[in-house]
Amino acid sequence: MFILGITESDGLALAMLLVMSLSFSVIATLLYCMFRNRSKRDPEVDRLLEELEDKQSPADPARAGSGKEQPKEPWERESEWWKDDSTP
């Protein structure tokens, strides 16, 4: 069937080219936006990163370097409780 002088196989090829060009243009637009905004830095992100660093650093540096384990609660098991040394 001819529609505007285009056969079915030509229509399929044109539709595929249209979809591919649309896909590549979307990817190119995303890359352009990423490239354009790469130098902009959000001050809120910097503040959050500093907040995370503060949380990760120990509150008491003298206690952090001691290397001793924290006392365990009564309900906590040893780290290797599942290993049974009594089996042959």
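Keep in mind it's a predicted model, so treat the numbers as computed, not measured.

(A) Representation of the overall build of the chain. Each helix and strand in the chain was counted, giving 3 helices and 0 strands. Going from the N terminus to the C terminus, the chain shows its helices and strands as α-α-α. The buried share among the 88 residues of the chain stands at 0%. For the chain, the exposed area adds up to about 9000 Å²; of that, 62% sits on carbon and sulfur atoms.

(B) Spatial organisation of the pattern of salt bridges. Within the structure shown, the criterion is met by 2 salt bridges. For the salt bridge of arginine 47 with glutamate 44, the shortest nitrogen-to-oxygen distance reads 2.5 Å. In this pair, arginine 47 and glutamate 44 are both assigned in helix α2 (residues 43–56), 3 residues apart and thus about one turn of the helix distant. Close ionic contact of arginine 47 with glutamate 51 constitutes a salt bridge, the shortest N to O distance being 3.3 Å. One end of the pair is arginine 47 and the other is glutamate 51, both in helix α2 and 4 residues apart, which spans about a single turn. Arginine 47 gets classed as partly exposed once you look at its relative accessible area, which sits at 42%. By relative accessible area, glutamate 51 is classed as partly exposed at 35%. Overlapping salt bridges bring together Glu44, Arg47 and Glu51 as one network.

(C) Region of interest: a nonpolar patch on the surface. A contiguous nonpolar surface patch, about 770 Å² in accessible area, is contributed by Leu12, Met16, Met20, Phe24, Ile27, Leu31 and Met34. Counting through the fold element by element, leucine 31 comes out in helix α1 (residues 8–36).

(D) Structural view of the confidence of the model for the chain. Scored by pLDDT, the chain comes out at a mean of 80, with 78% of its residues at no less than 70. Per-element mean pLDDT across the chain ranges from 52 in helix α3 (residues 61–64) up to 94 in α1.

Definitions and limits used
Residues numbered from 1 in each chain as written. Predicted model: local features only at pLDDT ≥ 70, side-chain atom pairs only at ≥ 80, totals over all residues. Heavy atoms only, no water. Helix = DSSP H or I, 4+ residues; strand = E, 2+ residues; numbered from the N terminus. Buried < 20%, exposed > 50% of the residue type's maximum accessible area, 1.4 Å probe, protein only. Areas by Shrake-Rupley, 256 points an atom, 1.4 Å probe, with all protein chains shown as cover. Salt bridge = Lys/Arg side-chain N within 4 Å of Asp/Glu carboxyl O. Patch = residues over 30% accessible without salt bridge, like charges linked within 9 Å, V, L, I, M, F, W, Y side chains within 5 Å. pLDDT = per-residue confidence, 0-100.

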